[in-house]
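One letter stands for each residue in the lines below.
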Amino acid sequence: MGGMSTKQRIGWVVITVVVLLWSLFPVVSILMTSFKTQAGLFSGKFLPPEWTWENYATILAPGGSAQDLFLPSLRNSIGISLISTVVAVVLATFCAYAIARLDFRGKKLILTTALAVSVFPVVSIVTPLFNLWRSIGLYDTWPGLIIPYLSLTLPISIWTLAAFFRQIPWELEQAAQVDGATPFQAFRKAVVPLAAPGVFTTAIIAFFIAWNDFVYGISLTSTSAARPVPAALSFFTGASQFEEPTGAISAAAIVVTVPIVIVVLIFQRRIVSGLTQGAVKG
Amino acid sequence: MRRPQAAVAVMALGLTLGLVACSGESGPPVLTWYINPDDGGQEEIAARCTEEAGGDYQIQTSLLPRDASSQREQLARRLAASDTSIDIMSLDPPFIPEMAAAGFLAPVPDDLQDTDDVVQGAVDSATWDDELVTVPFWANTQLLWYRESVAEEAGLDMDQPVTWEQIMDAAAETDTLLGVQGAKAESLTVWINALIASAGGEIITNPEAPADEVQLGLDSDAGREAAQIMSRIGQEGLAGPGFPTADENASMNLFAGDNGSFMVNWPFVYPAISDSDPDLIDDIGWTIYPQVEEGTEAATPVGGINLGVSEFSEHVDLAYQAVECIVQPENQSEYFVTNGNPPSSISAYDDEEVAEEFPMAETIRDSLDQGVPRPQTPYYNEVSIGLQETWHPPAAIDPDTTPASSAEFITAVLRDERLL
Amino acid sequence: MTTPASAAEKATPTNGKRRRGSDRSRSEARLGWYLAGPAFVIMLLVTLYPILQALWDSLFSLRLTALDETEFIWFRNYQVVLGDPAFWQSLWVTVLITVITVAVELVLGFILAMVMHRAATQLRGIVRTAILVPYGIVTVVSAFAWFYAFDINSGGYINNWFSWLPGITEDLNWFAAQGTSMFVIIASEIWKTTPFISLLLLSGLAQVPGELEEAARVDGATGAQVLRRVILPNMKAAIMVAVLFRALEAFRIFDNVYIMTNGANNTEVLSLLAYNTSIGRLEIGLGSAISVLLFLCVLIIAFIAIKGFKVDLAGTRGDT
């Protein structure tokens, strides 16, 4: 990319600016909403006529009316999403490796199942799950959400990783096997280093999916013991039940977006190396 | 090193206490009260009653979602599974018949059956099959709020009850906008019910009938008059462009804005506007809900919260003791002052602080006395959503056909022949 | 290199003995199931029981608040659902949203992937970080962001900004009509999920052998020719996977519709219809029937994609 003309350089900057505007605009928009006063909310303006931290105080400060609602849900969202991501990615790595690499009967069945599960209408599982969870004591607990979240995170992890593993030059592994390594040793020594970037990408996808859930969160919890943030937003209220909690929702939206931005900033580099210079080009 | 040790000791103590509380053997029984979101008032009352109980019981609150139908859904699903963890419930009145008919509510003891001190609208909403099945807690009603400057400009005498036609003409004349709730939501049913009842009709003529025998009173003169009013406001744009999606909050903002004129809404608007725009308050007046036919008293919308005790509670008697404590007039008037939710108890309105904070308290009480609840049927959810499905957007209502076709649709839904 | 997968497929379960290199392949099969088994079992447990339950429930007239009136009615729920225009209306809305979003996203996603693939190193990081933000954002949050920007009752500013465009006035209520509501719902869906497609496409793009591209250029191919002859054919698998996943996900759209319109003005999608029936109305029987039909729809789409377009992730070594 060294020999870029000035024209090309300007072109790229313009493209970058357009992408930035498109990607960040709604976030900036709700950020601005979160700084508006009650009166400013209805001004029809993008920028707050008057800036205020009041909405953040509502959800974060001790004594804020939505604080009891928001902070526990934030803790739940982080914990539940992380655990279900780790579990899903570990299981999916083994599973996808087997599918992409080993010869055994039933891999079509596994992939078909994964696809069927991943496209499963969450709404239709929720009612029977609710009854089952209640009778075995998982209702309104972390495992009660982690397990259904696996149904969201596992299939996509398996498919993404299987697709990824197929692109890895398996000659290396075969070479290792020829050298007398067992399939598992070959997997660990030759494949894991090549696969790691793909696994990270998958982890991001799985985490975001778990973090994103709304229907399970709202149906399988009833208290702040397990209620995640997206579900908690519908419990917010203004000074009375008829007042729209626009400001508080916006502030909470920004707070749950911050971890996303952090995760993106940390993992962005992994994706870069993982997807572009990973196994194939190397 | 003393601090960590102390912390460990405290944690151990906490753990032990937690275990003791869970065992349920020692310590007062814990009653769980499922509350709708408010400004913290119910939690305060719970703490006060726990203290007053002197160790007989302990009330713990648990929050329900913001909108009434989600509250109903959470409670109904758990009650259908005979969940013992629910003791007291804050219930939105329209959903009470459904819970009562399903046998989810424990019978109200005799000493709580006395309703002499309760406004009529609240008593009606707490009754199913001629029996009081819940205990009225607070009662809500819509008033007609107006901008004095606009009423003056239009030459309306607001000391007399006004009609819908008068305020529609006034808004058209003065080029201002009406605050009414045209969104596809529960507020639309509230409005339809008030209009039909004010015109002397009923949405359901036999509310206690089983689903396949329910008779709807929509296809009537009253139904057509209601449709006429709604469609005129929609078609002439009398409530502005936001009308088809306007809920209570949006109507309030419109009313408080430059084009505000008249608005039907709950009393929460008063503290809310005082807060956001104190200068405006001097221009704001209130009176009883508008009439449909001149000279016929309006059927005002009523809402609020009643307290129900779960049939599956392990402490039904204690729960009713707690309810008795919660609904004391003093608690109700304080709840009104701090949270803006009007009492169902008549004597609670005598409180001095109430009169000071809410100068319209007397109008509220009068309005509650002429209130007509929404249809009291176990199939309320179907009826309400069926109405919203067919009477929305208001501009598309045809007074000649909508009442009949909506009646047909809801009947089919109740017979499980149509989806909603 | 052999193609054991196709050979294995032809074998029946009981004739393992006939397979070549039996010891090795048997241990490979065992390892395969050891590795894949746990994920498989969990997926089955979490979904198989509930869907069977839903299937069973759909044969009953079952209302949660009137359990003693429960009655076995065979397929009458399906008869009601399939005979109701409301079902077909929401199916149509769902299909419309799916087709438009996937088509637009495929184009946008490919452009974004190309941008990320080609951008100079300094810009690349910025672009990638930026597009990952919409992807990572909670759908509910994005729905609120778009809703507040457009809704005139919540002080939306879009009308003020774009009033110079024909058809947009200060008084336009986006959520009062089907077309405009759908526009905002689809726009928010596209914004939120284009990065997903572009990430998958980018991973496909990274697999296109650079030498081929270079060779084509040396041979004098234009950019468009390189794209059509070299890049796209090599990315076919990635494109099909991206489209399939997005289409199936779009078909289940729920969160943004629930928050923005809750189905008003004929914007009700299938998931919302199922939710409102089984959870809102507590009509478990009817709701389960809609859920089962919804599930059948996605199965059909998946089947068409896999059989018709030969999207095949199960392809093993040596299939290229």
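Details of the structure are given in the entry above.
Basis of the calculations
Residues numbered from 1 in each chain as written. Chains lettered and ligands numbered in written order. Predicted model: local features only at pLDDT ≥ 70, side-chain atom pairs only at ≥ 80, totals over all residues. Helix = DSSP H or I, 4+ residues; strand = E, 2+ residues; numbered from the N terminus. Buried ≥ 20, exposed ≤ 12 C-beta atoms within 10 Å, placed from the backbone. Contact = placed C-beta atoms within 7 Å. Nonpolar A, V, L, I, M, F, W, Y, C, P; charged D, E, K, R; others polar. Pairing = 2+ DSSP bridges. Axes fitted to C-alpha atoms, helices over the stretch in contact; angles between N-to-C directions.

1. Brief notes about the overall build of chain A
Each helix and strand in chain A was counted, giving eleven helices and zero strands. Principal-axis analysis of the C-alpha atoms gives chain A an extent of 75 × 65 × 30 Å. Counting across all 282 residues of chain A, residues that qualify as buried make up 57%. Taking as baseline every contact in chain A between residues at least 6 positions apart, the subset at least 24 positions apart corresponds to 74%.

2. Quick word on the interface of chain A and chain C
Listed as interface residues are 92 residues of chain A and, on the opposing side, 89 residues of chain C. Put simply, the parts of the chain that give the side of chain A that touches chain C at least two residues each are helix 1 (6–34), helix 3 (67–101), helix 4 (107–118), helix 5 (122–136), helix 6 (142–167), helix 8 (183–212), helix 10 (229–233) and helix 11 (246–276) of chain A. The dominant element in the side of chain A that touches chain C, judged by the number of residues it contributes, is helix 11 of chain A, at 15 residues. Looking at the side of chain A that touches chain C residue by residue, the class counts come to 68 nonpolar, 17 polar and seven charged.

3. Thoughts on the sheet that holds strand 7 (residues 143–147) of chain B
All names here are of chain B. The four strands are arranged 8-9-7-10 in an open sheet whose pairing can be described as mixed. Two strands lie at the open edges of the sheet, namely strand 8 (177–179) and strand 10 (284–287), each paired on one side alone. Direction aside, the axes of adjacent strands within the sheet are offset by 20 degrees on average. With three bridges connecting them, strand 8 and strand 9 (residues 260–265) associate as parallel partners. Counterpart to leucine 178 in the pairing with strand 9 is phenylalanine 262.

4. Here's the deal with the interface of chain B and chain C
Listed as interface residues are 24 residues of chain B and, on the opposing side, 26 residues of chain C. Elements with a contribution of two residues or more to the side of chain B that touches chain C: helix 3 (68–80) and helix 16 (380–390) of chain B. Of all the elements, helix 3 of chain B adds the most residues to the side of chain B that touches chain C, at five residues. Its residues assigned to classes, the side of chain B that touches chain C shows eleven nonpolar, five polar and eight charged.

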